[in-house]
Amino acid sequence: MARKRNIISDLDDKTIRKEQRDSTKQLIEMNEKNRQLNEKAPEYLDSFAQQLYEVLAEYLIKNKYVNESDESTLVAFCLNMSMLKQASESIKEVGVVYADSRGNLKRNPSASVINDVSSKIQSLGGSLGFNPSARVSLQSLVTDDSKPSASDILASFGGGEDE
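Definitions and cut-offs
Residues numbered from 1 in each chain as written. Predicted model: local features only at pLDDT ≥ 70, side-chain atom pairs only at ≥ 80, totals over all residues. Heavy atoms only, no water. Helix = DSSP H or I, 4+ residues; strand = E, 2+ residues; numbered from the N terminus. Polar contact = N/O pair within 3.5 Å; in protein donor to acceptor, adjacent residues only side chain to side chain. Contact = heavy atoms within 4.5 Å. Expected span 1.5 Å × (residues − 1). Buried < 20%, exposed > 50% of the residue type's maximum accessible area, 1.4 Å probe, protein only. Axes fitted to C-alpha atoms, helices over the stretch in contact; angles between N-to-C directions. Parallel < 35°, antiparallel > 145°, perpendicular 65-115°, else oblique. Left-handed = near helix turned anticlockwise from the far one by under 90°. Nonpolar A, V, L, I, M, F, W, Y, C, P; charged D, E, K, R; others polar.

S.K.: How should I be thinking about the side chain of Ser82 in this particular structure?
M.R.: Mapped onto the elements, Ser82 comes out in helix α3 (residues 71-94). Polar side-chain contacts of Ser82 include one of 2.4 Å to the side chain of Asp46. Excluding residues within four positions of it along the chain, Ser82 makes contact with Asp46, Phe48 and Ala49.

Pasting the structure below:
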């Protein structure tokens, strides 16, 4: 079976296979002919997902990785990241296991949500080109105080500075 090709963030990085560099270059050239991804997040996303969408859209547009046809993938990524954040907050507040009104131990449904969205986030993120070097590039993106900081975004990915 053929190896999955991911887009990359540095076309000059010789440690990355030539076929991946060539595929990414072709993708960039193809995307230049298409309409640009919308920079404004859809209104139906919650505030966290909207902020994430706008930061990531800016990054993706700057690097010419995506076009308008990729918007649904970015929206799905941001929705799943928001669900991950909400589920993580529930587990932080309630715990993975809790006692119901009768004293029976129950598994927090948020644990299943985290399990479900984690694989989706990884898959969607790979489709959008989010890899370690892409996350490093993300650190220099956000300078507007009205947007989340790069550290906030990286923390959402499980990286960035510790709290």
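S.K.: How do you make sense of helix α2 (residues 47-62) when you look at a structure like this?
M.R.: Because an α-helix packs 3.6 residues into every turn, residues spaced three or four apart end up facing the same way. A rise of 1.5 Å per residue sets the reference length of α2, with its 16 residues, at 22 Å; its end C-alpha atoms lie 23 Å apart and thus fit the reference within 8%. Every buried residue of α2 is listed here: Phe48, Ala49, Gln50, Leu52, Tyr53, Val55, Leu56, Ala57, Tyr59, Leu60 and Ile61. You can read the cap of α2 off the contacts: a side-chain oxygen lies 3.2 Å from the backbone nitrogen of Phe48, and it is on Asp46. Two residues or fewer after α2 comes Lys64, characterised by a positive phi angle close to 60°.

S.K.: Can you help me understand the packing of α3 against helix α4 (residues 109-128) in this one?
M.R.: Two numbers describe a pair of packed helices, the interaxial angle and the distance between the axes. Relative to each other, α3 and α4 sit at 150°, their axes nearing to 8 Å. Considered as vectors, α3 and α4 are oriented roughly antiparallel to each other. Handedness of the crossing formed by α3 with α4: left-handed. Contact residues: α3 offers Thr73, Leu74, Ala76, Phe77, Asn80, Met81, Met83, Leu84, Ala87, Ser88, Ser90 and Ile91, while α4 offers Ser110, Ala111, Val113, Ile114, Val117, Ser118, Lys120, Ile121, Leu124, Gly125, Ser127 and Leu128.

S.K.: Would you take a moment to explain the packing of α2 against α3 for this structure?
M.R.: Running from N to C, α2 and α3 cross one another at 135°; their axes reach a closest spacing of 9 Å. With respect to their mutual orientation, α2 and α3 come out oblique. Judged by the sense of rotation from one axis to the other, the crossing of α2 with α3 is right-handed. Where α2 abuts α3, its residues Phe48, Ala49, Leu52, Tyr53, Leu56, Ala57 and Leu60 lie against Glu71, Leu74, Val75, Phe77, Cys78, Met81, Ser82 and Lys85. The residue makeup of the contact of α2 with α3, split by class, is 12 nonpolar, 1 polar and 2 charged.

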